[in-house]
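Structural overview for review
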Amino acid sequence: MKRSIVILLLAGWLAGCATPAPPPARELQLAATPGETLREAMHLLMERGYVIRHADGELGRLDAVLARMPGYGVSLRVTGVGDGSRVAFIATRGGRALPPTVLDPLLTDLQSRLGLLP
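Conventions we followed
Residues numbered from 1 in each chain as written. Predicted model: local features only at pLDDT ≥ 70, side-chain atom pairs only at ≥ 80, totals over all residues. Heavy atoms only, no water. Core = buried A, V, L, I, M, F, W, Y, C linked by side-chain atoms within 4.5 Å. Buried < 20%, exposed > 50% of the residue type's maximum accessible area, 1.4 Å probe, protein only. Helix = DSSP H or I, 4+ residues; strand = E, 2+ residues; numbered from the N terminus. Contact = heavy atoms within 4.5 Å. Salt bridge = Lys/Arg side-chain N within 4 Å of Asp/Glu carboxyl O. Arc of directions from axis to C-beta. Phe/Tyr/Trp six-rings, centres within 6.5 Å; stacked < 30°, edge-to-face > 60°.

1. What about the nonpolar core?
It is characteristic of soluble globular proteins that their nonpolar side chains tend to be buried jointly. Of all hydrophobic cores here, the largest spans 23 residues; its most connected members are Tyr50, Leu76, Phe89 and Leu106. At the level of secondary structure, the elements contributing two or more residues to this core comprise α2 (34–47), β3 (61–66), β4 (73–81), β5 (84–93) and α3 (104–113). Residue contributions to this core peak at 4 residues, all from α2. Setting aside its immediate chain neighbours within four residues, Phe89 contacts Pro24, Ala25, Arg26, Val74, Ser75, Leu76, Leu103, Leu106, Leu107 and Leu110.

2. Side note on the pattern of salt bridges
Within this structure, the stated rule accounts for 7 salt bridges. As a salt-bridge pair, Asp109 and Arg48 come within 2.0 Å of each other at their nearest N and O atoms. Highlighted residues: Asp109 in helix α3 and Arg48 in the loop between α2 and β2 (50–56), separated in sequence by 61 residues. Classification of Asp109 by relative accessible area gives partly exposed; the value is 26%. When the shortest N-O distance is used, the salt bridge between Asp63 and Arg61 registers 3.0 Å. Overlapping salt bridges bring together Glu40, Glu47 and Arg113 as one network.

3. Here we look at α3
Residues of α3 that are buried include every one of Leu106, Leu107, Leu110 and Gln111, and no others. Along the axis of α3, the buried positions cluster into a sector of 135°, meaning they face one direction only. For α3, the secondary structure elements touched by its buried residues are β1 (26–30), α2, β2, β4 and β5. Trailing α3 by a residue or two, Gly115 shows a phi angle of about 75°, which is positive.

4. A short note on the packing of aromatic side chains
All told, the structure shown has 1 aromatic pair when counted by the stated rule. For the ring pair Tyr50 and Tyr72, a centre distance of 6.3 Å and an interplane angle of 70° mean the geometry is edge-to-face. In this pair, Tyr50 sits in strand β2 while Tyr72 sits in the loop between β3 and β4, placing the two residues 22 residues apart along the sequence. Here Tyr50 matches Tyr72 in class, with each residue buried.

Rendered as structure tokens:
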């Protein structure tokens, strides 16, 4: 009896060690330089009410949180690809990933700001 209780406790304890899958990113390739993409993304997020918590141009990284409800965070990574850049957005709320479709309006506006939409 004691042995089965110990086994159940160990199994429960080890179940807490499982790490969740990383949140899905919404990626897009743009015909703009990484610096220009990061700068325009930062301005776009600030205009939409986000507070920039961390921005590093050399790393191509930007982290922001929405200052009003529903209160979620956005992480942005920009890497150089040939003459353009690849941008990856991830949205989370309370440590949980939000569906990538939440980011579609941001990506569309970013393309518009960079003059890449027809």
